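Chain by chain, the residues:
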Amino acid sequence: VGFETVVPAVLLVLTGVLLLIGAATWTRKIAVGWAERRRARLEAALRPQLFELLAEGRPGDRPTAEGRSSRRVLESIMVGLLPKLRGAGRAQLVTWMESDGAVARARRRTRSRRPVVRAQAAQHLGDLAVASALPDLVALLDDRHDDVRTAAARGLGKLGHADTVPVLLARLDGPRRLPAGVVALALVHAGPVGTEGLREGLRHRASAARLVACELLGRFGDLAATPTLARRALDDASLDVRVAAARALGRIGSPAAGGALVACAGSGQPAALRAAAAWSLGQLGDPTAVSPLRGALHDRDHAVAHAAATALASLGPEGLAVLFDVAEGLGGPAEHAREAIEARRLDGARRRGDRFGRAA
Amino acid sequence: MAPGSSRLARPTLDRGAATVVSVLIVDDDRDIRDLLAFKLRQVGFDVYAEADGEAGLAAAFEVRPDVVVVDWMMPKLTGLEVCQQLRAHDDVGSVGIILLTARAQEADVSRGFAAGADDYVVKPFSPRELVDRIHALLARAR
């Protein structure tokens, strides 16, 4: 076979392959465009029906979709609506989706071989927030893919179920652990329903779990957690946990935390803890904190002195008297005192809507 | 105006003759615009809808609705800017404004009221509750 025969044959084959690729691309483009138009047509027909039924809220009615494609489009519209609604409309959507088998399908998809499908299933189950999804989502927390575990944690948070709290806190320790931010956000979604589990979490062996528990109990203002948080602030093995506990005590604002916070603000304690305790003493609003805060105002650490000055400014006339007294002098404490007085004056002016507000 | 449309398909409401309450929805989320439009029409309101702050503000000046339900985070103009600009004009300054937003922090709520909102509804929301809030706002305005 000669050179002059091989070259045209190769060229011919290459041209054929290129033509085939072009035809396949073109066909795919046509097919995708057709599918998108069809989906848009189905959506245009189904959306008004669905929204009208949701608006009317008649329990017996349900949207009708003929054929598999229509049912899939209807389900995707409902899935998109779920995280945007609460109340009767949301409950109606969940009822329709459960009776159409959407929950069962999503639960099956948690066992898909494709990680993206498992993650989507976890998200859908979280949006549906049906208790029956709990075991499937817990199982996904052991998934080998980070994204799937994260989606499962978020889904568990959206269930708003107390049982999810210990499960999520446990994922801050051991193999296949989750980032603290993911767990904390999921627990924020779960809401105050999980405060009992969070109080238990203050005794968790992992410091990351104790830290998250402290932060969230403070955020939820859980009064019952005050004694345990006070102990964590005083003697936890982790400084981060002690600081978080001290701040949580300030957010909760129980007078019962005063003694522990005064001890944490003492000179023998780490600076980060002293600063957090000083801030929290200001949040408690107890005038008996004026004396220790006056000492903290002269702390060598800038953050501690600043927090003490801010706290004194929120303790009423007694605290302000100390600040005015110290502000007369020189050096760091006087500077912090003047800053706190000025901040207080501006805050007062802002609240009164008077930009030229008088001195506090 | 059809829900989701960015143009006004209805003539300006004649407020002298109007007995029907008109509500303008300004939200870039099509689902929320459509669902609210259906819900509010079902209650008996005249409903207008826009998908961004700039178009919403223009519609407010043209339609002069009784109540504006406005999202915070939107293209072109934010809901806060819409609130401030509405309040700055005498002819629409007394309109009832409800902020409908996912921003749920205490500081956000304060900013919303400071910008001129009469009420604040956090997403995810209940359409039924929003209707009740519109009724309450209208009753207070009477």
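The coordinates are above.
Each residue is numbered by its place in its chain's sequence as written, counting from 1. Chains and ligands are labelled sequentially in the order written, the chains with letters from A and the ligands with numbers from 1. A pLDDT threshold of at least 70 governs which residues receive local features in this predicted model, and a stricter bar of 80 or more applies before side-chain atom pairs are shown or counted, although totals over entire chains, interfaces and linings include all residues. Hydrogen atoms and water are omitted, and side-chain values are computed over all heavy atoms in the structure.

**Some remarks on the pairing of strand β3 (residues 67-71) of chain B**
Residues and elements named next belong to chain B.
- Summarising burial for β3: five of the five residues are buried, a large majority.
- As paired elements, strand β1 (residues 22-26) and β3 share four bridges and run parallel to each other. Bridge pairing links L24 to V68 in β3.
- Viewed along the sheet, the connection from β3 through helix α3 (residues 79-87) into strand β4 (residues 96-101) turns out right-handed. We call a residue buried when its accessible area falls under 20% of the maximum for its residue type, exposed when it is over 50%, and partly exposed in between, using a 1.4 Å probe and counting protein chains only. In this description a helix means any DSSP run of H or I spanning at least four residues, a strand means any run of E spanning at least two, and both kinds are numbered starting from the N terminus. Strand pairing is defined by DSSP finding a minimum of two bridges between the two strands. Crossover handedness is defined by viewing with both strands directed away from the observer: a clockwise path from the first strand over the helix to the second marks the crossover as right-handed.

**Side note on the pairing of β1(B)**
Residue and element names in this part refer to chain B.
- For β1, the tally of buried residues reaches five of five residues, placing the bulk of the element in the interior.
- Of the two faces of β1, the one holding S22, L24 and V26 and the one holding V23 and I25 are both buried throughout.
- As for the winding sense of the linkage, the β-α-β connection from β1 through helix α1 (residues 30-43) to strand β2 (residues 46-50) is right-handed.

**Concerning the interface of chain A and chain B**
- Contacts between the two partners involve 17 residues from chain A and, on the opposite side, 16 residues from chain B.
- Summed over both partners, the accessible surface that disappears when two parts come together, traced with a 1.4 Å probe, is what is meant by buried area. Taken together, both faces of the contact between chain A and chain B bury some 1500 Å²; the carbon and sulfur share is 54%.
- By salt bridge we mean one thing: a side-chain nitrogen of Lys or Arg within 4 Å of a carboxyl oxygen of Asp or Glu. The interface formed by chain A and chain B holds six salt bridges in total.
- A:R47 is the partner of B:D34 in a salt bridge, and the nearest nitrogen-oxygen pair spans 2.9 Å.
- The definition of a polar contact used here is a pair of N or O atoms within 3.5 Å, where within protein one atom must be able to donate a hydrogen and the other to accept one, and adjacent residues in sequence count solely through side-chain atom pairs. Run the count over chain A and chain B and you get nine residue pairs in polar contact (both at pLDDT 80 or more).
- The set of elements that each furnish at least two residues to the side of chain A that touches chain B consists of α1 (3-56) and α2 (68-81) of chain A.
- Per element, the largest residue contribution to the side of chain A that touches chain B is eight residues, and it comes from α1(A).
- Three classes are used: nonpolar for Ala, Val, Leu, Ile, Met, Phe, Trp, Tyr, Cys and Pro, charged for Asp, Glu, Lys and Arg, and polar for all others, with Gly counted as polar. Taken together, the residues that form the side of chain A that touches chain B break down as eight nonpolar, two polar and seven charged. Only heavy atoms matter for contacts: two residues are in contact if any of them lie within 4.5 Å across the pair.

**Digging into the layout of surface pockets**
Residue and element names in this part refer to chain A.
- Space inside and on the surface of the protein is sampled on a 1 Å grid over the protein atoms alone, with a cavity defined as a set of points where a 1.4 Å probe fits but cannot get out and a pocket as an open set with protein on both sides within 12 Å along at least 5 of 7 lines; lining residues have an atom within 4 Å of a point. Grid points are joined across faces, edges and corners, and a volume is the space filled by probe spheres set on the points. Considered as a void within the structure, the largest pocket measures approximately 530 Å³ in volume.
- When residues of the lining of the largest pocket are traced back to their parent elements, those giving at least two are α1, α2 and α4 (102-109).
- Ranked by the residues each element gives to the lining of the largest pocket, the list is headed by α2, at eight residues.
- For the lining of the largest pocket, the class distribution of residues is five nonpolar, three polar and eight charged.
- Of the volumes computed, that of the second largest pocket is approximately 420 Å³.
- Elements represented by at least two residues in the lining of the second largest pocket include exactly α5 (115-128) and α9 (180-190).
- In terms of residue count, α9 provides more of the lining of the second largest pocket than any other element does, three residues in total.
- Of the residues that constitute the lining of the second largest pocket, the class distribution is seven nonpolar, two polar and five charged.

**Quick notes on the sheet that holds β2(B)**
Residues and elements named next belong to chain B.
- Read across the open sheet, the five strands follow the order β2-β1-β3-β4-β5; overall the sheet is parallel. This sheet does not close on itself; its edge strands, each paired only once, are β2 and β5 (119-122). Taken pair by pair, the neighbouring strands of this sheet meet at an average axis angle of 20°, ignoring direction.
- Two strands pair when backbone bridges link them, and β3 and β4 are joined in this way by five bridges, in the parallel orientation. In this description, a line fitted to the C-alpha atoms serves as the axis of each element, helices being fitted only across the stretch in contact, and the angle between N-to-C directions of two axes falls anywhere from 0 to 180 degrees.

**A word on the packing of aromatic side chains**
- Aromatic contacts are taken between Phe, Tyr and Trp rings whose centres are within 6.5 Å, Trp giving its six-membered ring; a plane angle under 30 degrees counts as stacked, one over 60 as edge-to-face, and the others as tilted. Inspection of every chain in the model, using the stated rule, returns two aromatic pairs over all chains.
- Each ring, one from A:F51 and one from B:F38, has its centre 6.2 Å from the other, and the planes form 35°; the classification is tilted. With one member in each of two chains, A:F51 in helix α1 and B:F38 in helix α1 form a pair that bridges those chains.
- Here A:F51 falls in the buried class, since its relative accessible area comes to 1%.
- A residue is classified by how much of its surface remains accessible, and B:F38, at 23% relative accessible area, is partly exposed.
- Placement of a charge over a ring requires the Lys NZ or Arg CZ to be within 6 Å of the ring centre, with the centre-to-atom vector within 35 degrees of the ring normal. Sitting over the face of the ring of A:W279, A:R247 holds its NZ or CZ atom 4.4 Å from the ring centroid.
- Its guanidinium or amino end placed over the ring of B:W72, B:R103 lies 4.3 Å from that ring's centre, counting from NZ or CZ.

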